[in-house]
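Chain and residue survey
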Amino acid sequence: GWFNGIINLSWGVQGKIGDIALTIGGSVAPANDRAASAAKYRLYRYLNLAHYFLYQAIAVDYHADQLEDLVDCGLLLADEKALLEGSMTKRNTILLWVGATIRQLSSTGRIPPGVHSRCLEILRELRGSGDTLAKELTRVAPISFAQLMQLMVDMMMILTPPALSFSLETKREGLTVYLWPALGSMILAVFYQGGMQLINAMEYPFGSDLDDLHPDWLLMSTERAVF
């Protein structure tokens, strides 16, 4: 379903980031080249930044984070921070930097031409998968549809007590005559409202609630794999 599709997209993004890191790490030679080592470390930072900015756009846990926090943890330099502050799409800007670093390695002969084209192909797929994931999670049902569903549930809950009173007609008197229809309506309301809340939770899988998925594991495992 849709929920499993979101999980598959998340894993796909993680896999493409690992593909770029593995391809570059295994192709750059010689190993004692300080400029090549600096470029690989720059790629390490950029790939993790692109992954982070993807989830910052879709996970509420990261909305309060600032660029200064990324500078403090060493993933972002001060001059890079100044460039990102003027960027409307920070993730795509980072991916441009990844492409520029790969092109620099290719132009200096540190990676073969075939590796260069392969890495750019993976980079295009990474950008497409990231954009698809972000757009899928920001796509919501029309407000009129959500309001109509809520209205239907509310009307059913309002009409359930008199319907139960008619079907449970009795000659007895007392409070229980009114209690059982109200109790039946409340039980139905729990199931219907719970179902609607489940739909809302599945529409936003990355959040801060207990039932939400936390992208911390994805970011940390990707960082270890890329390094």
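Check the entry above for the structure.
Right, let's walk through the structure included here. (Residues numbered from 1 in each chain as written. Predicted model: local features only at pLDDT ≥ 70, side-chain atom pairs only at ≥ 80, totals over all residues. Heavy atoms only, no water.)

1. Thoughts on a nonpolar patch on the surface
Together, Leu148, Met149, Leu151, Met152, Met155, Ile158 and Leu159 make up an exposed nonpolar region whose accessible area comes to about 670 Å². Of note, Met149 is situated in helix α7 (residues 143-167). The exposure class of Met149 is partly exposed, given its relative accessible area of 34%. (Patch = residues over 30% accessible without salt bridge, like charges linked within 9 Å, V, L, I, M, F, W, Y side chains within 5 Å. Areas by Shrake-Rupley, 256 points an atom, 1.4 Å probe, with all protein chains shown as cover. Salt bridge = Lys/Arg side-chain N within 4 Å of Asp/Glu carboxyl O. Helix = DSSP H or I, 4+ residues; strand = E, 2+ residues; numbered from the N terminus. Buried < 20%, exposed > 50% of the residue type's maximum accessible area, 1.4 Å probe, protein only.)

2. Here we look at empty space enclosed by the protein
Counted by the stated rule, this structure contains 1 cavity of 30 Å³ or more. When its volume is computed, the largest cavity comes out at roughly 60 Å³. What lines the largest cavity is Val13, Ile17, Ala50, His51, Leu54, Arg91, Leu95, Leu126, Arg127 and Gly130. Tallied by class, residues from the lining of the largest cavity come to 6 nonpolar, 2 polar and 2 charged. (1 Å grid on protein atoms, 1.4 Å probe; cavity = no way out; pocket = protein on both sides within 12 Å on 5 of 7 lines; lining within 4 Å. Points joined across faces, edges and corners; volume = space filled by probe spheres on them. Nonpolar A, V, L, I, M, F, W, Y, C, P; charged D, E, K, R; others polar.)

3. Notes on the layout of surface pockets
Considered as a void within the structure, the second largest pocket measures approximately 250 Å³ in volume. Forming the walls of the second largest pocket are 13 residues, and the residues nearest its centre are Tyr52, Leu70, Cys73, Leu75 and Leu219. Breaking the lining of the second largest pocket down by element, the ones donating at least two residues are α2 (34-58), α3 (67-72) and α9 (216-226). In terms of residue class, the lining of the second largest pocket is built from 8 nonpolar, 2 polar and 3 charged.

4. A short note on the packing of aromatic side chains
A full pass over the atoms with the stated rule returns 3 aromatic pairs. Judged by centre distance (5.4 Å) and plane angle (50°), the rings of Tyr46 and Trp97 are tilted. One end of the pair, Tyr46, is in helix α2; the other, Trp97, is in helix α5 (residues 90-107), and 51 residues separate them in sequence. Trp97 carries the same exposure label as Tyr46, and that label is buried. (Phe/Tyr/Trp six-rings, centres within 6.5 Å; stacked < 30°, edge-to-face > 60°.)

5. Examining the environment of Arg139
Looking at the secondary structure, you find Arg139 in the loop between α6 (113-138) and α7. C-alpha separation for the pair Arg139 and Tyr204, spaced 65 residues apart in sequence, amounts to 9.8 Å.

6. Quick word on the side chain of Thr101
With respect to the helices, strands and loops of the structure, Thr101 is situated in helix α5. We classify Thr101 as buried; its relative accessible area is 3%. With residues near it in sequence (within four places) discarded, Thr101 still touches Ala39, Arg42, Leu43 and Tyr46. (Contact = heavy atoms within 4.5 Å.)

7. Overview of the nonpolar core
Counting residues in each nonpolar core, the largest one holds 46 residues, and the members touching the most others are Ile20, Ile24, Leu49, Phe53, Tyr55, Ile94 and Ile102. It is α2 that provides the largest number of residues to this core, a total of 13 residues. Residue contacts for Ile20: discarding those within four places in its chain leaves Leu47, Ile102, Ile122, Leu123 and Leu126. (Core = buried A, V, L, I, M, F, W, Y, C linked by side-chain atoms within 4.5 Å.)

8. Section: α5
When the terminal C-alpha atoms of α5 are compared, their 26 Å separation across 18 residues agrees well with the 26 Å that a helix rising 1.5 Å per residue should span. When α5 is considered as a whole, its buried residues turn out to be Arg91, Thr93, Ile94, Leu95, Trp97, Val98, Gly99, Thr101, Ile102 and Leu105. Elements in contact with the buried residues of α5: α1 (2-27), α2, α4 (78-85) and α6. (Expected span 1.5 Å × (residues − 1).)

9. Notes on the pattern of salt bridges
Here the structure, examined in full by the defined rule, presents 6 salt bridges. With its nearest N and O atoms 2.9 Å apart, the salt bridge here joins Arg45 to Glu80. Of this pair, Arg45 sits in helix α2 while Glu80 sits in helix α4; the two residues are 35 residues apart in sequence, bridging distant segments of the chain. In terms of burial, Arg45 and Glu80 fall into one category: buried. The salt bridge involving Glu68 is made with Lys81; its shortest N-O contact spans 3.5 Å. Of this pair, Glu68 sits in helix α3 while Lys81 sits in helix α4, placing them 13 residues apart in sequence. What makes Glu68 partly exposed here is its relative accessible area of 39%. Classification of Lys81 by relative accessible area gives buried; the value is 15%.

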